[in-house]
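Listed below are the residues making up each chain.
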Amino acid sequence: MPATSTPGDQNGRYNRPDASMSLLTTVMEHSLDDGYAEAAKAKGSAGPYRLPGTSKGRLMLALGLGLAATVVTVGAVNTHEAAPALAKERDALIHRVNDATKAADRLQHQVEEDRDKVAAAQQQALQTGDGGLAELAAQTGTAAMTGPGIKLVIEDASGTGAGGNVSDPRNAEGFRNSGRLKDHDLQYVVNGLWQAGAEGISVNGQRLTALSAIRAAGDAILVDNRPLVPPYTVLAIGNGPQLAAGFQDNQGGRYLKIIQDSYGIKYALSVQKNLTLPAALGVTLRWAQPVVPTPTASASASASASASPGASASPSPTSTRTGVATP
C-alpha cells in the first residue's frame, strides 16, 4: 500500500496509515517465500523443457530417438509376421483334436460291437448248454429277461410342489424343496420294488444288477454312470398284481406317495402282461463248481485216515454251482 502524508507528522515524514499493522502488512506483501520466488524465477528463465545446446547432446538425442523408433518398428513387423504362423498352429491343433475325437468314437463303436458279439455268443452258449446257467444269467442281469410285471413311470413336477401337513421324508437327507426327482428318491423306489418281490428291474433301459449304483451329478440322475432323462420308466418283472400291491404297501410305495403329495411329482403304475428287460452292459457272469476228488485221491485220503487214528476223513463235497456277476 503506498505511503500518504499525515498532517500530524512531527518529523516532517510521511507515515503509512497501516503503520501500526506491520505483521499484516508483511504477510500481504511477502506471501511467497523468497526461496520459492527465486526457484520460480530461475525455472521461468530456463523454460519448462530444454533441448541440449551442444552438438554431442543433440547427436545422442537423435540416436536415442532412432533406436526407440527401430525397436517399435521391429516389434510391429514381428507381430505381423507371427500372426499367420499362430493361426496355422491353431488350425493344426483343432484338426488334431477333431481327428482324435473321431478315432475315439470309432474305437467306442468297435468296443460296443465286440461287446454285443460276446453277449450274443454267451447267450447262445447258455441257451444250448445247461438251462440252469441261462436262468442264472437272467436273474443276475447278464442276460435279457422276459415275463409279466409292472410298469412305473415317474415324472418331475411342472413346478415346485406345495407341501401339506405330511411328514417330509426328504428333511432327513437334506433335500431342497424341489419338484425334481432325486437319486435318493429313485433308490427308495427301486428298493421298494425289490422288497415287493421283483425278479428283475430296469430304469430307462438300464438293467440293474447287484453291482448297479444310482447316484447324482448335479440335478441329473446316473445309473451305472449313465445319465437318465425324465420321465423315468421303471420296469419290474414278477407277479404283476402281487408286485403292484406289495410295492404300494411297503416303504417304497409310501415314500413315492409322500413326495407326490408334497412336491407334485407325478407317477403312474400299471400291471403289464409281458415285459422285456435288456442285459446289463459291462457285466460278465462267472460261475464256480467244486472239484470232485478222483479215486486215487480218495484212496490216499483213506490210507492217511487209517494211518492216523486221530484223523477223520472229510466227506465228499456236494456238487454245487454258484453264479456271480462281475464287472
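This write-up is about the structure you can find in this document. (Residues numbered from 1 in each chain as written. Predicted model: local features only at pLDDT ≥ 70, side-chain atom pairs only at ≥ 80, totals over all residues. Heavy atoms only, no water.)

Before going further, it helps to examine the overall build of the chain. Check the secondary structure of the chain and you find 8 helices and 10 strands. Burial status across the chain gives 23% buried among its 327 residues. Nonlocal contacts in the chain, meaning residues at least 24 apart in sequence, comprise 75% of its contacts between residues at least 6 apart. Surface exposure of the chain reaches about 22200 Å², of which carbon and sulfur atoms provide 57%. (Helix = DSSP H or I, 4+ residues; strand = E, 2+ residues; numbered from the N terminus. Buried < 20%, exposed > 50% of the residue type's maximum accessible area, 1.4 Å probe, protein only. Contact = heavy atoms within 4.5 Å. Areas by Shrake-Rupley, 256 points an atom, 1.4 Å probe, with all protein chains shown as cover.)

Buried together is how nonpolar side chains tend to be arranged in soluble globular proteins. Formed by 27 residues in total, the largest nonpolar core has its most connected members in L186, L193 and I201. If you list the elements that add at least two residues to this core, you get β1 (145-155), α5 (183-196), β2 (200-203), β5 (220-223), β7 (232-237), α6 (240-249) and α7 (251-263). I201 has contacts with V190, L193, W194, Q206, R207, L208, V234, L235, A236 and L277, leaving out every residue within four places of it along the chain. Of all hydrophobic cores here, the second largest spans 6 residues; its members include A138, M145, L235 and L275. (Core = buried A, V, L, I, M, F, W, Y, C linked by side-chain atoms within 4.5 Å.)

The strand order β4-β5-β6 describes an open sheet built from 3 strands, whose pairing is antiparallel. If you trace the sheet from one side to the other, it starts and ends with β4 (214-217) and β6 (226-228), each paired once. Across the sheet, the axes of successive neighbouring strands diverge by a mean angle of 40°, strand direction being ignored. Relative to β6, β5 runs antiparallel, the two sharing 3 bridges. From the neighbouring strand, V223 faces β6, where its bridge partner is R226. Seen against the sheet, α5 touches β4, β5 and β6 and runs at an angle of roughly 170° to β4. (Pairing = 2+ DSSP bridges. Axes fitted to C-alpha atoms, helices over the stretch in contact; angles between N-to-C directions.)

This part is about the side chain of S202. Within the fold, S202 resides in strand β2. Of the residues examined, S202 reaches a relative accessible area of 2% and is grouped as buried. Apart from residues lying up to four places away in sequence, S202 is in contact with R207, T233, V234, L235, L277 and P278.

Using the criterion set out here, one finds 1 aromatic pair in the structure. Look at Y188 and Y255: their rings are 4.2 Å apart centre to centre, the planes differ by 20°, and that puts the pair in the stacked class. Of this pair, Y188 sits in helix α5 while Y255 sits in helix α7, and the two are 67 residues apart along the sequence. A residue is classified by how much of its surface remains accessible, and Y255, at 5% relative accessible area, is buried. (Phe/Tyr/Trp six-rings, centres within 6.5 Å; stacked < 30°, edge-to-face > 60°.)

Locating D183 in the fold gives a position in helix α5. At 7.3 Å, K182 is the nearest oppositely charged side chain to D183, a buried residue that forms no salt bridge. The contact partners of D183, leaving out residues within four places of it in the chain, are I214, R215, A216 and I221. (Lys, Arg positive; Asp, Glu negative; His and termini not counted. Salt bridge = Lys/Arg side-chain N within 4 Å of Asp/Glu carboxyl O.)

Turning to unusual backbone geometry, a few remarks are in order. Following P230, the chain continues into P231 via a peptide bond in cis, with omega recorded as 5°. Phi is positive for N225, close to 65°, though the residue is something other than glycine. One can find N225 in the loop between β5 and β6.

What follows deals with α6. Regarding α6, the residues found buried are G240, L243, A244 and F247. Within α6, the buried residues cover an arc of 95° as seen down the axis, which keeps them to one side. Residues P241, Q242 and D249 are exposed on α6 and point more than 90 degrees away from its buried face. Of the surrounding elements, those touching the buried residues of α6 are β1, α5, β7, α7 and β8 (266-277). (Arc of directions from axis to C-beta.)

Strand order in the open sheet formed by 5 strands is β3-β2-β7-β1-β8, and the pairing between neighbours is antiparallel. Of all strands in the sheet, those with a lone pairing partner are β3 (206-207) and β8, marking the two edges. Where β2 meets β3, 2 bridges bridge the pair, whose relative direction is antiparallel. Counted as the bridge partner of V203 is Q206 from β3. Along the sheet, α5 makes contact with β1, β2 and β7, crossing β2 at roughly 160°.

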